[in-house]
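Chains, contacts and geometry: an overview
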Amino acid sequence: MIKTTNLKETDQIQPLILRAYIAKKITAMMQEYQVDNLDDIGCFVILEKEEFACVPMNELEFVEMLFLEESMFLHGVRIIDESYGEDIYLPVEVVTC
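Here's what I pulled together on the structure shown here. (Residues numbered from 1 in each chain as written. Predicted model: local features only at pLDDT ≥ 70, side-chain atom pairs only at ≥ 80, totals over all residues. Heavy atoms only, no water.)

Focus on the layout of surface pockets
A probe as big as a water molecule, rolled over the atoms, marks out the empty space that is left. Its volume calculated, the largest pocket comes out at about 220 Å³. Taken together, 15 residues form the lining of the largest pocket, with M29, Y33, I41, Y84 and G85 sitting closest to its centre. Those elements that provide at least two residues to the lining of the largest pocket are α1 (16-33), β2 (42-46), β4 (71-81) and β5 (84-94). Here the lining of the largest pocket is built from residues that sort into eight nonpolar, three polar and four charged. (1 Å grid on protein atoms, 1.4 Å probe; cavity = no way out; pocket = protein on both sides within 12 Å on 5 of 7 lines; lining within 4 Å. Points joined across faces, edges and corners; volume = space filled by probe spheres on them. Helix = DSSP H or I, 4+ residues; strand = E, 2+ residues; numbered from the N terminus. Nonpolar A, V, L, I, M, F, W, Y, C, P; charged D, E, K, R; others polar.)

Digging into unusual backbone geometry
Cis geometry is found at the peptide bond from Q14 to P15, where omega equals 0°. By the secondary structure assignment, P15 is in the loop between β1 (2-4) and α1. Positive phi values are uncommon outside glycine, yet Q34 reaches one of about 55°. Among the secondary structure elements, Q34 is positioned in the loop between α1 and β2. The exposure class of Q34 is exposed, given its relative accessible area of 71%. (Buried < 20%, exposed > 50% of the residue type's maximum accessible area, 1.4 Å probe, protein only.)

This is the structure we're talking about:
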């Protein structure tokens, strides 16, 4: 599991396309909520396949398939309280052409 609460922590995210997607989303969220630290409003959690069982599906506000270039991810958001949430990503499979 990788948990990121700021832009610097995105350096450890693989694959690179997911890292770029999350970095862009972090920047947009921080501008929207006018905060200097993402941890004030939420975080991003990247799970390995075997770790996904730790997050019950009924706790997620929504679940969607996210396609980024050749990679596919299961994306959900768990709301912790009124002002804090976790975006959760699970690599599903690599789609090859």
